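Below, each chain spelled out in residue letters.
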Amino acid sequence: MGRDERKEQILRGIPAAPGIAIGKVHLIVYDEPDVTPRKLAPSEVPQELSRYNIALDQTRAAIERSRDRALDVAGVAVGKIFDAHLLILADEIFHDQVRGRIIREQFNAEYIVYDSFGQMIEVISRTQGEVFRERAADLRDVRTRLLRYLRGEGDVIPDHPTHEVILVAEDLSPTQALNLDRSLVHGIITDIGGLTSHTAILARSLDIPTIVGTGDVSSRVRDGDSIILNGNSGKVILHPTKESFAEYDAKRQRFRSFQQVLEDLKSQPAVTLDGREIELWGNIELPREAESVLSHGGTGVGLFRSEFLFLTRETTPSEDEQFSIYDKAAEIMDPHPVVIRTFDLGGDKYHAGINIRDEKNPFLGYRAIRVSLSRRDLFRAQLRAILRASARGNVRVMFPFVSGFEELRESLAVLEEAKQELQQRKLAHDRNIPVGIMIEIPSAAVMADRLAEQCAFFSIGTNDLIQYTVATDRANEQVAAYYRSYHPAVLRLIEMTVRAGERHGVHVGICGELGGSPAATPLLVGLGMRELSLTSSMIPEIKKIIRSLTYEECKRMARKAMKMDTSQEILNYMHGELKKRFADLPIWFN
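Presented here is an overview of the structure given in this document. (Residues numbered from 1 in each chain as written. Predicted model: local features only at pLDDT ≥ 70, side-chain atom pairs only at ≥ 80, totals over all residues. Heavy atoms only, no water.)

What to know about the pairing of strand β9 (residues 279–284)
Within β9, five of the six residues are buried, leaving the element largely enclosed by the surrounding structure. Bridge count for β9 against strand β10 (residues 301–305) is three bridges, and the pairing is parallel. Paired with Ile284 across the bridge in β10 is Phe304. Regarding topology, helix α10 (residues 289–295) serves as the crossover connection from β9 to the parallel β10, and that connection is right-handed. (Buried < 20%, exposed > 50% of the residue type's maximum accessible area, 1.4 Å probe, protein only. Helix = DSSP H or I, 4+ residues; strand = E, 2+ residues; numbered from the N terminus. Pairing = 2+ DSSP bridges. Right-handed = clockwise from strand over helix to strand, strands pointing away.)

Written out as structure tokens, the structure reads:
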């Protein structure tokens, strides 16, 4: 490497997990497995098939262990990555094709596995979009693990650092990322990936500062090079000067001090300087995540995504299994509230036990409350489990994807049936359990005044509300620019819902991603929101913003923002207001 190439270089990527890291590079280079075809004698074929089946079982068990570990250390979002790997291994048609090739072509299993997976990877890799890149990465990861077992190497993960480093790679496989030693890996930088990539999800779960989508950093560095990454801004500095080292060491200290400030705020209420209290609750998928809500200073669970009970298993959960899980969450949070959303299946969430056919537009099709109302046996079982957990007195039930009175009235009727069944069985439950709905379809927001007559609370699901209001599939990269969280129409629907709640004494909260956005916090408070439910780790930061402003200031900001014509104007305005008031927020550590 020439002298000029060793000069300080500044690159940009996508900030995926916050924090500042300074250290030495540990470069991970992905090498295609070295697989040599070996011709089999006809007599060897039965043994080769047996060897393949054994390796398949071993790989499946190893991935199940990874999934269980992911659930323990990183949460459901990471566990789902390994669920996808298990689905790949569950494809018996593919495995029959592999076995058939071994029999017909009489080559060793390693070669047939490598080539068969390779054909699928090649087809998928030609398709544009992050979803397809992740699918190809999943196939590579599963193939690598299967080849290790065929070779008798087991599930050893090679090329892991033994000293403190910043990892640089084209990409990390989920298996590699899950097995990182957080005491040694201070940061991660990858060439590819986005905010929803496997690496980004894992890094946030493991609390490792990370930048993805940098383009070609891995080709610019070698082991031992000095590097700085700013996971708050997406900046990467290669071969930093002494001045850059000093500047970013100071920023790192400021960031750590800020984190200590947040730590000190955890036990304080989220109340504005002029006395308006805002409830900060957490979104969870597992009972143990309720502990994180409490440890981060949350005072309730605003969204318990109960569909994880389906998505992490092949069989449908029984009433007793569900009850034990809901009751555990209620026990952990007692006396704080736990809002359990009934199954939100369909769309992009499928389960083998429920017949959800392929649909041209699944997000406008058979999903959520529509599935529940068509499978009343499962719906009543879930409602009975929720009602039994409500005997503690802090459980609430929420119906998703309600578009109007039809679904609400039918759902309430099924709830009454579940209550009667428990009364007949003499099982304790809260007969007056608070019932609410998700406001995530524009029709529900427009009808909020009337729907409030039969609800105890509303929870605004901004992710779906945005996509249905602006007619944009949030998972479609081609139209991603049209998915605008601060679209004036979305904000008007939010305001309409809040006003309806105020008129009828209905508690209104928000549980979509907008609720955890620092820039949106003053705006939402100013619009009258009394509860924000968000990712637990964001609670202290949002609490700091609330405790640093007056309600009157928030209302003034909201009034001004609501007069603006475009989402970008609103976002720029809110960023500007935050920057004036909060120079110490992580977003400004650039």
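Don't stop here, the text continues.
A few points about the nonpolar core
Across soluble globular proteins, nonpolar side chains show a tendency to be buried alongside one another. Counting 100 residues, the largest nonpolar core has Phe304, Tyr326, Phe399, Phe458, Ile494 and Leu532 as the members making the most contacts within it. In terms of nonpolar packing, the next biggest core, distinct from the first, is built from 47 residues, Leu139, Leu150, Leu172 and Leu180 among them. (Core = buried A, V, L, I, M, F, W, Y, C linked by side-chain atoms within 4.5 Å.)

Section: the packing of aromatic side chains
As enumerated under the stated definition, the model contains six aromatic pairs in all. Geometrically, the ring pair formed by Phe94 and Phe117 is edge-to-face, given 4.9 Å between the ring centres and 75° between the ring planes. Here Phe117 lies in helix α4 (residues 109–125) and Phe94 lies in helix α3 (residues 92–105), a separation of 23 residues in the sequence. Here the aromatic rings of Phe304 and Phe308 are separated by 6.2 Å at their centres, their planes lie at 25°, and the arrangement is stacked. (Phe/Tyr/Trp six-rings, centres within 6.5 Å; stacked < 30°, edge-to-face > 60°.)

A word on the environment of Ala381
By the secondary structure assignment, Ala381 is in helix α14 (residues 376–389). If sequence neighbours within four positions are ignored, Ala381 has contacts with Glu319 and Gln322. (Contact = heavy atoms within 4.5 Å.)

Considering the pattern of salt bridges
Inspection of every chain in the model, using the stated rule, returns 40 salt bridges. The salt bridge partner of Asp377 is Arg375, with a shortest N-O separation of 3.2 Å. A relative accessible area of 26% places Arg375 in the partly exposed class. Of the charged contacts, one joins Lys580 and Glu577 as a salt bridge, the two residues approaching to 3.0 Å between their closest N and O atoms. Of this pair, Lys580 and Glu577 both sit in helix α23 (residues 567–581), three residues apart, which is roughly one turn of the helix. (Salt bridge = Lys/Arg side-chain N within 4 Å of Asp/Glu carboxyl O.)

A few points about the sheet that holds strand β5 (residues 185–190)
The strand order across the open sheet built from eight strands is β1-β8-β7-β3-β4-β5-β6-β2, with neighbouring strands paired in mixed fashion. The open sheet has two free edges, formed respectively by β1 (9–12) and β2 (14–17), since each of these has just one partner strand. Between one strand axis and the next, the sheet turns through 30° on average, direction left out of account. Two elements, strand β7 (residues 226–230) and strand β8 (residues 235–238), share four bridges in a ladder whose sense is antiparallel. Bridge assignment links Asn230 to a residue of β8, and that residue is Lys235. Here helix α7 (residues 198–206) sits on the sheet in contact with β2, β5 and β6 (210–212), set at roughly 45° to β2. Its contacts with the sheet place helix α9 (residues 242–265) against β3 (20–28), β7 and β8, and it is angled at close to 115° to β3. (Axes fitted to C-alpha atoms, helices over the stretch in contact; angles between N-to-C directions.)

Comments concerning the sheet that holds β10
Read around the closed barrel, the eight strands follow the order β9-β10-β11-β12-β13-β14-β15-β16; overall the barrel is parallel. Put simply, the sheet's adjacent strands are angled 25° from each other on average, direction ignored. Of the pairings in the sheet, the one linking strand β13 (residues 435–439) to strand β14 (residues 457–460) comprises four bridges and is parallel in character. Note on β14: the bridge partner recorded for Met438 is Ser459.

Remarks on the pairing of β7
For a regular strand, side-chain orientation follows a simple rule: the groups alternate between the two sheet faces. The buried fraction of β7 amounts to five of the five residues, a majority that puts the element mostly inside the structure. Residues of β7 alternate between two faces, with Ser226, Ile228 and Asn230 on one and Ile227 and Leu229 on the opposite face, all of them buried. Here five bridges tie β3 to β7, and the two strands are oriented antiparallel to one another. Considered in β7, the bridge of Lys24 is made with Ser226.

As for unusual backbone geometry
With an omega dihedral of 10°, the bond running from Asp334 to Pro335 counts as a cis peptide bond. For Pro335, the location among the structural elements is in the loop between α12 (319–333) and β11 (338–341). Not every positive phi belongs to a glycine, and Phe401 is a case in point at roughly 60°. When you line up the elements, Phe401 lands in the loop between β12 (395–399) and α15 (405–424). At Lys426, a residue that is not glycine, the phi angle is positive and equals roughly 60°.

Concerning the state of the cysteines
A covalent bond between the sulfur atoms of two cysteines is referred to as a disulfide. By the definition in use, this model includes zero disulfides. Cysteine Cys511 remains unbridged, with the sulfur of Cys455 as its closest cysteine sulfur at 14 Å. (Disulfide = S-S within 2.5 Å.)

Some details on the packing of α9 against helix α21 (residues 539–547)
Relative orientation of the contacting elements α9 and α21 amounts to 80°, with a least axis distance of 9 Å. In terms of their interaxial angle, α9 and α21 are classed as roughly perpendicular. Residues Phe258, Val261, Leu262 and Leu265 of α9 form the contact with α21, whose own contacting residues are Pro540, Glu541, Lys543, Lys544 and Arg547. Residues belonging to the contact of α9 with α21 are distributed by class as follows: five nonpolar, no polar and four charged. (Parallel < 35°, antiparallel > 145°, perpendicular 65-115°, else oblique. Nonpolar A, V, L, I, M, F, W, Y, C, P; charged D, E, K, R; others polar.)

Things to note about the packing of α3 against α4
One can describe the packing of α3 onto α4 by two numbers: an axis separation of 10 Å at closest approach and a directional angle of 130°. Between α3 and α4, the crossing angle belongs to the class labelled oblique. Judged by the sense of rotation from one axis to the other, the crossing of α3 with α4 is right-handed. Across the interface between the two elements, Phe94, Val98, Arg101, Ile102 and Glu105 of α3 pack against Ala109, Ile112, Val113, Asp115, Ser116, Phe117, Gln119 and Met120 of α4. (Left-handed = near helix turned anticlockwise from the far one by under 90°.)

What is shown is where atoms sit, not what they do.
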